[in-house]
Amino acid sequence: MRRGLWIACLLPALAGLVRAQESGDVWVRDLEAGLTRARYSGRAAALVFSAHWCGYCGQLEAFFADARVAPVSRKTVLILIDVDRNPDVLRRYNVTGHHKVVVLGWDKAELARLELTDELEKLLDAFRSAVCANEVGTAEVLFRLGHYRKAAERADEVRELLKEGAFAERAGKLLEEIRKRAQEERSEEHTSELQSHS
């Protein structure tokens, strides 16, 4: 019975996810579908609170498509929340108003709150830091699970986005650990092969 209930709860979220993927739309308009996508991809989710009547909100898509922002946006699940149709989501995330962004990690932990009326560079720095925090965390989890290649890919992505700073340093250290672990594993395999031939 529980399994059936779980599947019934998950189906609407997956349906929204499939619709978004089929349309080629980068914006997910269903909160649960977006959070599901973020969870299973290990990506951050940006909850973008907007209203159809808000003139400034019309610039949201342009912000996330901006050449300086797009490399970070591509590593994020963008979830568009209509504030008029989803007052429960505003309460859930304690958001008042519109043209605001709440960045969540793949595990739904809040990483940042942004107001899209702030200066572009300030917004970009905060957005980039939040997304990189998620990427480094995901890389560390992948490393602990033994998925070294995927962990290295994520750590490299962070180093591309951030040339310096704490997350770039963490990504660099993680890459060193991955390389060291890969060498140890190759050495162990070589030793095992030699022993089996003896």
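Now for a description of the structure that goes with this document. None of these values were measured; they are calculated from a predicted model.

How each quantity is defined
Residues numbered from 1 in each chain as written. Predicted model: local features only at pLDDT ≥ 70, side-chain atom pairs only at ≥ 80, totals over all residues. Heavy atoms only, no water. Core = buried A, V, L, I, M, F, W, Y, C linked by side-chain atoms within 4.5 Å. Buried < 20%, exposed > 50% of the residue type's maximum accessible area, 1.4 Å probe, protein only. Helix = DSSP H or I, 4+ residues; strand = E, 2+ residues; numbered from the N terminus. Contact = heavy atoms within 4.5 Å. Pairing = 2+ DSSP bridges. Axes fitted to C-alpha atoms, helices over the stretch in contact; angles between N-to-C directions. Salt bridge = Lys/Arg side-chain N within 4 Å of Asp/Glu carboxyl O. Phe/Tyr/Trp six-rings, centres within 6.5 Å; stacked < 30°, edge-to-face > 60°. Expected span 1.5 Å × (residues − 1).

**A short note on the nonpolar core**
Of all hydrophobic cores here, the largest spans 59 residues; its most connected members are Leu47, Phe49, Phe64, Ile79, Tyr93 and Phe127. With 10 residues, helix H6 (residues 120-144) is the single largest residue contributor to this core. Those residues within four positions of Phe49 in sequence are excluded, and the remaining contacts are Leu60, Ile81, Val83, Val89, Leu90, Tyr93, Val95, Gly97, His98, His99, Lys100 and Val102.

**Some thoughts on the sheet that holds strand S2 (residues 44-50)**
Where strands meet in a sheet, backbone hydrogen bonds hold them as pairs that are either parallel or antiparallel. Taken together, five strands build an open sheet; the order of strands is S1-S3-S2-S4-S5 and the sheet is mixed. Both edges of this open sheet fall to strand S1 (27-28) and strand S5 (110-115), since each of them pairs with a single strand only. Sheet topology note: the S2/strand S3 (residues 76-82) ladder contains seven bridges and is parallel. Pairing of Ala44 across the sheet is with Thr76, part of S3. Against the sheet, helix H2 (residues 31-41) contacts S1, S2, S3 and strand S4 (100-104), and its axis sits at roughly 170 degrees relative to S3. The strands that H6 touches are S2, S3, S4 and S5; relative to S5, the one it contacts most, it runs at about 165 degrees.

**Let's talk about the pattern of salt bridges**
The full count for this structure, using the stated rule, is seven salt bridges. Between Glu135 and Arg43 there is a salt bridge; the shortest N-O distance is 2.7 Å. Here Arg43 lies in the loop between H2 and S2 and Glu135 lies in helix H6, a separation of 92 residues in the sequence. The exposure class of Arg43 is buried, given its relative accessible area of 17%. For Arg154, the salt bridge is made with Glu135, and the minimal N-O distance between the two is 3.5 Å. Separated by 19 residues along the polypeptide, Arg154 in helix H7 (residues 148-161) and Glu135 in helix H6 bring together distant segments of the chain.

**Some words on the packing of aromatic side chains**
In the structure shown here, the tally under the stated rule is four aromatic pairs. Linked through ring pairs, Trp27, Phe63, Phe64 and Phe127 together constitute an aromatic cluster.

**Remarks on the environment of Leu90**
Note on placement: Leu90 falls in helix H5 (residues 87-92). Apart from residues lying up to four places away in sequence, Leu90 is in contact with Phe49, Val83, Val95 and Gly97.

**Some thoughts on the pairing of S3**
Taken across its seven residues, S3 has seven buried, putting it largely inside the fold. Residue alternation in S3 divides its side chains into two sets, Thr76, Leu78, Leu80 and Asp82 and Val77, Ile79 and Ile81, and both sets are buried.

**Focus on H6**
With 25 residues, H6 ought to run about 36 Å at 1.5 Å a step, and its terminal C-alpha atoms sit 36 Å apart, in line with that. Once H6 ends, the next one or two residues include Gly146, with phi positive near 90 degrees.

**Comments concerning the pairing of S4**
Taking burial as the measure, the five residues of S4 include four buried ones, the bulk of the element. Direction of pairing for S4 relative to S5: antiparallel, over a ladder of five bridges. By the bridge assignment, Val101 is partnered in S5 with Leu114. Here S4 hands over to S5 after five residues, with Lys108 in that stretch at a positive phi of 75 degrees.

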